[in-house]
Amino acid sequence: MSAIHKLNLVSVDDYLAGELVSPVKHEYLGGVVYAMAGARNVHNLIATNALVALGSRLRGRPCRPFNSDTKIRIRLPEQVRFYYPDVSVVCRPNPQHDSFQDEPAVLVEVLSSKTRRLDEGEKKDAYLTIAALAVYLLVEQETAAVVAFRRSEQGFIREVYAGLDAVVPLGEIGTALPLAEVYETVEFRPEPAEVE
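Remember, it's a predicted structure, so these values are computed and weren't measured experimentally.

> Help me understand helix α1 (residues 12-21) in this model?
Count 3.6 residues to each turn of an α-helix, and residues three or four apart come out pointing the same way. Of all the residues in α1, the buried ones are Y15, L16 and E19. Down the axis of α1, the buried side of the element spans an arc of 95°, and every buried residue falls inside it. Seen from the open side of α1, the exposed residues pointing more than 90 degrees away from its buried face are D13, D14, L20 and V21. The elements touched by buried residues of α1 are β1 (26-29), β2 (32-35), β4 (71-75), β5 (80-83) and β7 (100-101).

In structure tokens, the structure reads:
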């Protein structure tokens, strides 16, 4: 006879209350809570550069960028999820007292060897279900390159922008994102191998 392990699922309300006092961020997938790992300086530099570049272009306009402390709620048919993207741009924000956003227009994830599988797979699949999402950007660390998944009448289309002269058009929010600014002061090196 096999023993069945029962998960103690966490409610959305308990998760949200816990995140307000937790020193560690957690993502939430249908009642299961996962602690997030820290990131290298290069990851944080790229994310900050993207946030600053978007913020300076969107100042005084209805769409506003948010940093990696802002959760995105995704309501899938079978479960609710909360993820912390590296950068989000929201044009129809939730009330300021909420601790999450529901309708991002742009989401940005900086890829690393540890996050690539999730960012290109599970998170992408979940993010692309958000009706308000116009563009999902996957930003490389080891080279100046961004993959964009852009909403079209035929569904999401994959686009690649490479090189420091490239500019990612973001007409959906009335701006563009130059890779030269995203990668400002970044030293390109292969990511160090992880110690087992």
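Here the narrative resumes.
> Before we go on, may I ask you to explain the sheet that holds strand β3 (residues 64-66) in this structure?
As a general point, the strands of a sheet are linked pairwise by backbone hydrogen bonds and lie either parallel or antiparallel. The strand order β3-β6-β8-β9-β10-β11 describes an open sheet built from 6 strands, whose pairing is mixed. In this open sheet, the two edge strands, each paired with only one partner strand, are β3 and β11 (155-162). The average undirected angle you get between the axes of adjacent strands in this sheet is 15°. Both β3 and strand β6 (residues 87-90) contribute to a ladder of 3 bridges, which runs antiparallel. What sits directly across from F66, in β6, is S88.

> Would you mind going over the nonpolar core with me for this structure?
Looking at soluble globular proteins, one finds that nonpolar side chains tend to be buried together. Of all hydrophobic cores here, the largest spans 30 residues; its most connected members are L137, I173 and Y183. Elements supplying a minimum of two residues to this core: α2 (41-58), β6, β8 (104-110), β9 (135-139), β10 (145-152), β12 (167-170) and α5 (179-182). Those residues in contact with I173 that sit more than four places away from it in its chain are L54, L58, R61, C63, V89, C91, A105 and V106. In this structure, L29, I74, L76 and L111 belong to the second largest nonpolar core, which totals 16 residues.

> What exactly am I supposed to notice about the state of the cysteines here?
When the sulfur atoms of two cysteines share a covalent bond, that bond is a disulfide. Within the structure shown, the criterion is met by 1 disulfide. The residue that forms a disulfide with C63 is C91, at a sulfur-sulfur distance of 1.9 Å. Between C63 and C91, the S-S torsion sits near 105°, and that sign places the bridge as right-handed. Highlighted residues: C63 in the loop between α2 and β3 and C91 in the loop between β6 and β7, separated in sequence by 28 residues. On the basis of relative accessible area, C63 is assigned to the buried category, the value being 8%. The exposure class of C91 is partly exposed, given its relative accessible area of 24%.

> Looking at this structure, I do not really get the sheet that holds β5. What am I missing?
Pairing in this open sheet of 5 strands is mixed, and the strands run β2-β1-β5-β4-β7 from one edge to the other. Two strands in the sheet have a free side with no partner beyond their single neighbour: β2 and β7. Of the pairings in the sheet, the one linking β1 to β5 comprises 2 bridges and is antiparallel in character. Bridged to L29 within β5 is R81. With respect to the sheet, α1 is in contact with β1, β2, β4, β5 and β7, its orientation differing from that of β1 by roughly 175°.

Cut-off values and rules
Residues numbered from 1 in each chain as written. Predicted model: local features only at pLDDT ≥ 70, side-chain atom pairs only at ≥ 80, totals over all residues. Heavy atoms only, no water. Buried < 20%, exposed > 50% of the residue type's maximum accessible area, 1.4 Å probe, protein only. Helix = DSSP H or I, 4+ residues; strand = E, 2+ residues; numbered from the N terminus. Arc of directions from axis to C-beta. Contact = heavy atoms within 4.5 Å. Pairing = 2+ DSSP bridges. Axes fitted to C-alpha atoms, helices over the stretch in contact; angles between N-to-C directions. Core = buried A, V, L, I, M, F, W, Y, C linked by side-chain atoms within 4.5 Å. Disulfide = S-S within 2.5 Å.

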